[in-house]
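Results of the structural survey
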Amino acid sequence: METVDMTSVSLKRPHCEDGEANLDEIKRQKISEESSKTADGSDLKIDTVTGKSKKSLHEDTKDEIIPNEEGEEQENEELEESDDDGDAESFADMMKHGLTERDVGITKFVSSHTGFSGILKERYSDFVVHEIGKDGCVSHLDDFTVPVDNEDPSEEVFTVLSDEDKQRLEELQLFKNKETSVAIEVIEDTKEKRTVIHQAVKSLFPGLETKTEDRDGKKYIVAYHAAGKKALANPRKHSWPKSRGNYCHFVLYKENKDTMDAINVLSKFLRVKPNIFSYMGTKDKRAITVQEIAVLRITAQRLAHLNKCLMNFKLGNFSYKSHPLKLGELQGNHFTVVLRNITGTDEQVQQAMQSLKEIGFINYYGMQRFGTTAVPTYQIGRAILQNNWNEVMDLILKPRPGAEKGYLVKCREEWARTKDPAAALKKLPVKRCVEGQLLRGLSKYGMKNIISAFGIIPRNNRLMYIHSYQSYVWNNTVSKRIEEYGLKAVPGDLVLKGATAVHIEEADVEDYSIHDVVMPLPGFDVIYPKHKIGDAYKEMLTVDNLDINNMRHKIRDYSLSGAYRKIIIRPQNVNWEVVAYDDPKIPLFNTDLDKLEEKPLPVLPKEGKFRALKMEFSLPPSTYATMAIREVLKMDTSIKNQTQLNTTWLR
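Remember, predicted model here, so these are calculated numbers, not experimental data. Residue numbers run consecutively from 1 along every chain, following the written order of its sequence. Under the rules for a predicted model, residues below a pLDDT of 70 receive no local features and side-chain atom pairs below 80 are neither given nor counted, while totals for whole chains, interfaces and linings still include all residues. Side-chain numbers here rest on the full set of heavy atoms in the structure, without hydrogens or water.

**Remarks on the overall build of the protein chain**
Cut-off, in case you're wondering: Put simply, DSSP H or I for four residues or longer makes a helix, DSSP E for two residues or longer makes a strand, and each gets a number counted from the N terminus. Residue exposure (1.4 Å probe, protein chains only): buried if accessible area is under 20% of the type maximum, exposed if over 50%, otherwise partly exposed. Each accessible area is a Shrake-Rupley estimate made with a 1.4 Å probe; only the visible protein chains count as cover when residues are assessed.
A count of helices and strands for the protein chain gives 18 helices and 23 strands. Buried positions account for 60% of the 651 residues belonging to the protein chain. Accessible surface, the protein chain as shown: approximately 27,700 Å² in total, 47% of it carbon and sulfur.

**Here's the deal with the pattern of salt bridges**
Rule in force here: For salt bridges, the criterion is a side-chain nitrogen of Lys or Arg within 4 Å of an Asp or Glu carboxyl oxygen.
One pass over the structure, following the stated rule, counts 20 salt bridges. For R168, the salt bridge identified is with D165, shortest N-O distance 3.8 Å. With R168 and D165 both in helix α3 (residues 163-173) and three residues apart, this pair spans about one turn of that helix. You can call R168 partly exposed: its relative accessible area is 25%. Several salt bridges share partner residues, and in doing so they unite K211, E213 and R215 into one network.

**Section: the packing of helix α9 (residues 389-397) against helix α12 (residues 434-445)**
So the rule is basically this: Helix axes are fitted only over the stretch in contact, all axes being lines through C-alpha atoms; the angle between N-to-C directions runs from 0 to 180 degrees. Convention used here: angles under 35 degrees read as roughly parallel, angles over 145 as roughly antiparallel, angles from 65 to 115 as roughly perpendicular, and any remaining angle as oblique. Here a crossing is taken to be left-handed if its near helix is turned anticlockwise relative to the far helix by less than a right angle, and right-handed if that turn runs clockwise. In this analysis, two residues are considered to be in contact whenever any of their non-hydrogen atoms come within 4.5 Å of each other.
At a minimum axis distance of 10 Å, the contact between α9 and α12 shows a crossing angle of 135 degrees. Taken as axis vectors, α9 and α12 run oblique relative to one another. In this structure, α9 crosses over α12, and the sense of that crossing is left-handed. Contacts between α9 and α12 involve M393, I396 and L397 from the first element and E435, L438, L439 and L442 from the second.

**A few points about the sheet that holds strand β10 (residues 218-225)**
Worth spelling out the cut-off: Strand pairing requires that DSSP identify at least two bridges connecting the strands.
A sheet is described by the order of its strands in space; here three strands give the open sequence β8-β10-β9, paired in antiparallel fashion. Strand pairing shows two members of the sheet lacking a second neighbour, β8 (181-185) and β9 (208-215), which therefore form its edges. Across the sheet, the axes of successive neighbouring strands diverge by a mean angle of 25 degrees, strand direction being ignored. The sheet contact formed by β8 and β10 spans five bridges and is antiparallel. Within the sheet, the bridge partner assigned to A183 lies in β10 and is V222. Along the sheet, α3 contacts β8, β9 and β10; its crossing angle with β8, the most-contacted strand, is approximately 160 degrees.

**Quick word on the confidence of the model for the protein chain**
For the record, the criterion: For every residue, the predictor reports its confidence as pLDDT, a number between 0 and 100.
Confidence along the protein chain averages 80 in pLDDT terms, with 78% of residues attaining 70 or more. Below a pLDDT of 50 lies the segment residues 4-89, which in the model reaches 309 contacts outside its immediate sequence neighbourhood of four places, other chains included. Low pLDDT, under 50, characterises residues 647-651; the stretch is placed with 17 contacts to residues that sit more than four places away or in other chains.

**Some thoughts on the pairing of strand β13 (residues 288-296)**
Taken across its nine residues, β13 has nine buried, putting it largely inside the fold. Side chains I288, V290, E292, A294 and L296 project from β13 onto one buried face, and the interleaved T289, Q291, I293 and V295 project onto a second face that is buried too. Inspection of the sheet shows strand β7 (residues 127-132) paired to β13 by three bridges, in the parallel sense. Each residue of the ladder has a partner; that of V129, found in β13, is T289. Relative to β13, strand β11 (residues 247-255) runs antiparallel, the two being bridged by nine bridges.

**What about the sheet that holds strand β19 (residues 517-521)?**
One open sheet accounts for four strands, arranged β18-β17-β19-β20; its pairing is antiparallel. In this open sheet, the two edge strands, each paired with only one partner strand, are β18 (500-503) and β20 (563-566). Averaged over all neighbouring strand pairs, the angle between strand axes comes to 55 degrees, with direction disregarded. Bridging between strand β17 (residues 494-497) and β19 involves two bridges; their strand directions are antiparallel. For V495, the partnering residue across the bridge sits in β19 and is V517. Strands in contact with helix α14 (residues 459-485) are β19 and β20; relative to β19, the strand with the most contacts, it is inclined by about 145 degrees.

Next comes the structure, spelled out in structure tokens:
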């Protein structure tokens with residue numbers, strides 16, 4: 001086995017012969033070109049037609065288990081995403097200021113095959129992710145039936161209330177008016193009718209109680225608040241049968257929507273708080289994804305009803321259980337990926353996929369880990385660890401070249417000119433972006449208390465910065481490790497014995513392979529290799545004015561205990577085939593929903609204008625599918641590079 005430096009690989013992609021057809025399809029789907037989440041893909045989305053970009057600070061597509069935060073529930077408050085304007089060429093020009101893989105230490109390949117071109121996520125349906133649960137079962141949507149339960153109300157609860165009644169009840173539930181109750185006249189006064197209205201109000205508007213009143217000879221159902229504002233977040237206990245598990249588990253199939261967005265939509269339609277939902281990992285927007293979700297005391301009947309009114313979602317495989325789901329409990333994800341318009345020969349494809357199956361790929365942190373503007377997230381993380389809070393503030397707020405929303409540019413300019421947080425905040429129509437959060441904190445706590453101001457940003461988003469720095473160090477040192485010692489275990493390397501890392505001794509080196517070797521993310525609770533790479537860690541942190549022997553921070557949240565990560569990942573369940581096609585608009589395989597709707601398999605020609613590589617593989621959590629695909633194509637996956645390639649392709 002030999003390693004290959006990526007600088008020797010040509011990344012040019014040929015001009016598309018059917019550009020207009022592709023362009024129409026891309027416009028129709030509002031495609032955002034990949035380059036971000038995680039194990040499933042990407043947090044930064046680029047629209048290859050409009051040049052629109054958006055960056056979210058949570059790990060959108062990935063089932064990343066953040067080092068030292070494993071299993072922790074995400075913050076309920078998510079930062080806003082923002083869209084950019086501009087045409088593809090101007091956006092590509094602006095992205096010249098973005099990062100490349102080399103900038104974040106991604107420089108090596110493990111295979112020796114010749115790379116080739118391919119288009120990733122030409123359609124979002126070309127990237128399908130199925131979650132693998134802790135029991136090893138792959139999540140599939142294959143059953144819409146609702147568990148039979150005599151405790152469920154009749155279907156009439158969904159239609160008995162008028163739109164006007166629902167509007168008034170929602171305003172009452174959310175404290176949007178000064179009314180303390182809402183009275184609904186019972187037109188057909190029977191006990192059965194009153195019962196259905198009682199059930200409808202209580203099940204559709206958690207937190208409201210009802211009673212029957214006589215007014216001027218007419219019967220009214222009066223809805224009122226049962227327990228103040230907390231009632232909305234805590235579904236009523238007495239209305240849930242004791243024999244039924246408190247949590248309804250279901251499979252969520254979603255298209256072109258990230259997990260948090262999906263949960264926010266579901267909670268809005270169900271009129272509940274998002275924090276009653278739980279899940280094992282977040283999934284990418286720019287994909288079709290299938291995962292398990294659990295929700296507290298919402299019936300399968302109500303959830304199934306949403307299938308009639310939601311676009312790009314389907315809910316099924318319902319069951320009641322006594323426990324929620326926990327972040328990080330999953331075993332991984334199974335990917336089905338189509339790379340369209342490939343240029344590689346059948347022999348090149350065979351070599352590339354055989355290498356992926358037998359050797360694997362370098363377990364780099366993908367580009368989405370480091371942001372996409374001219375100010376990488378790892379630089380902010382480094383400033384936090386240095387306790388340089390003025391630098392943290394400056395890096396987040398200062399003007400920068402590149403692609404950004406117009407109001408963000410104006411906000412940064414105002415900040416640079418006045419250093420007045422209140423004045424800069426007025427330039428932001430969206431206050432919940434990270435810049436808005438920090439400015440709000442500075443307005444509240446003052447310029448001399450940046451630490452408290454920064455603390456207003458949700459915790460997971462703050463920790464993202466220092467984890468980005470850890471990832472930056474890890475990528476760089478792993479590239480040095482492979483450069484120095486190649487793809488074999490050597491004395492001084494680290495391997496795990498259970499959860500404990502130990503050094504490989506000279507006498508034991510033949511007992512291990514490169515697939516056993518781990519390397520640490522820097523922290524106070526890890527050990528380092530006993531060879532040149534151990535010194536490389538120390539040198540890298542010293543250059544950044546950090547002490548590798550003192551990774552504790554005076555603010556506990558920012559103390560890094562460290563973690564261990566395998567340097568080579570060998571995907572499981574690897575399969576592939578090359579298919580021909582003529583029409584870029586047609587899907588090349590059937591999804592779970594297609595199968596449920598009994599759609600026929602796409603008919604593909606034996607010979608066609610284009611060739612596509614359809615691949616399947618399974619990855620553990622905290623690994624990036626884009627890095628596996630990078631190894632196959634030998635291609636830079638950065639937004640900077642992909643944008644240049646795709647805008648060339650679209651001309």
